[in-house]
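Structural features, examined
Here's the letter readout for the chains.
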Amino acid sequence: MSRSEFGDGVAKAVPVIISASPFAVLFGAIAVANGLTVFEAGLTSATVFAGASQLVGIELFGNHVPAWLIILSVFAVNFRHVLYSAALTPLIEHFSLGQKAATLFLLTDPQFAESLKRREIGKQVTFSWYMGLGLPIFVAWVAMTLVGAFFGKLIGDPARFGLDVLLPIYFMALVLGFRRRSNFLPVVAVSAVASVIAHKTVGSPWHVSIGAIAGVLAAALMPPPVKRKPDEEAHSLEAGQ
Amino acid sequence: MNTLLTADMLVIILGCALATYATRISGYLLIRRMKNIPPRMDAALNAVPAAVLTTLVAPAFVAGGLEVKVALAVSLLAGLWLSTIPMLLAGWAVAVAIRHLVL
């Protein structure tokens, strides 16, 4: 049972690893180009484990921005995890404290999206399943960072191979995964407009937090259209299968 | 460059790691203190993933060149029918084709 749960998680990890690996390689290559050692690049991926923020951080590091501002920018890009961990809490109540600590360390965009998807089809998020998904992603992220750091010079300009367009497309795929939720279109519209305006005025990386807060506030201020009852939805889905 | 790790770099890396882990546990700690989740907060939490992820896409679309705009538009259409990997391949192929043939 627990073995097949782990296997279910691993199966979901495969597309995540394929789409995230270019960014790990990219991070490793840019990190070494900006003066980090191979070990430092790997250590960053193993301790921070948050791709978009690592790329923002290494970009700032390359521009000789003060350390506290780099850390603050990484915090700003990762602020969404506050909201993720809040939304994940009801799903992991049955985990032990140590399991929760490990679970929250591995909390990434795809990990969060897949966990909520699993809950919405009526399956429980078990620790085995969560680790089956998260551990291969973590190992691959660190390994591909080292690959990028070692062979960075072979990649050259990432835009020449079109690798730079993968990141926004990948995030858009994650957005589309939530399109059946109530308030989806108004939330996306508000976040899009707010983040674009913030990007042009306040600048990166603050547009992430500003746009996200605008979208979340919009959802909170709108009258709830239909009362969501996740348990009933889940059960009816299960019965229908 | 012969050293494995400098002290300055270690401080920055661990600072970023701690800041990131703080974001990952604080939502959990906040929710644990509240017994019942009010409906509006429930609606807000439900909107989190779409709201956050959109901010990583929309500015990239606006700031990107022609090939990025077309690639994202094609991926959006592809994403309504296909899963993530074919969607990534479709968008990537369109961007590379425009860069080599048009720009």
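Small disclaimer: the values here were computed from a predicted structure and weren't measured. (Residues numbered from 1 in each chain as written. Chains lettered and ligands numbered in written order. Predicted model: local features only at pLDDT ≥ 70, side-chain atom pairs only at ≥ 80, totals over all residues. Heavy atoms only, no water.)

A few points about the side chain of Ser 191 of chain A
Following the sequence through the fold, Ser 191 of chain A ends up in helix H10 (residues 184–201). Every residue in contact with Ser 191 of chain A, bar those within four places of it in the chain, is listed here: Gly 211 and Gly 215 of chain A together with Ala 51, Thr 54 and Thr 55 of chain B. (Helix = DSSP H or I, 4+ residues; strand = E, 2+ residues; numbered from the N terminus. Contact = heavy atoms within 4.5 Å.)

Regarding the UniProt feature "transmembrane region" (unreviewed entry) in chain B
All names here are of chain B. Mapped onto the present numbering, the UniProt feature "transmembrane region" (unreviewed entry) falls on residues 12–31, 43–64 and 70–98. Between the end C-alpha atoms of residues 43–64 the distance is 32 Å, and the span holds 86% helix and 0% strand. Counting secondary structure, residues 70–98 comes out at 93% helix and 0% strand; the distance between its end C-alpha atoms is 9 Å. (UniProt positions renumbered as here; feature names shortened; annotations may be inferred.)

So, the UniProt feature "transmembrane region" (unreviewed entry) in chain A
Mapped onto this numbering, the UniProt entry annotates "transmembrane region" (unreviewed entry) at residues 12–33, 65–83, 127–152 and 158–176 of chain A. Helix makes up 84% of residues 65–83 of chain A and strand makes up 0%, while its end C-alpha atoms are separated by 28 Å.

Structural notes on the packing of helix H9 (residues 166–176) of chain A against helix H2 (residues 39–55) of chain B
Close contact between H9 of chain A and H2 of chain B brings their axes to 9 Å; oriented N to C, the two are set at 160°. Judged by the inter-axis angle, H9 of chain A sits roughly antiparallel to H2 of chain B. The crossing of H9 of chain A and H2 of chain B is left-handed. Judged by residue contacts, Phe 171, Leu 174 and Val 175 of chain A of H9 of chain A engage Ala 50, Leu 53 and Thr 54 of chain B from H2 of chain B. (Axes fitted to C-alpha atoms, helices over the stretch in contact; angles between N-to-C directions. Parallel < 35°, antiparallel > 145°, perpendicular 65-115°, else oblique. Left-handed = near helix turned anticlockwise from the far one by under 90°.)

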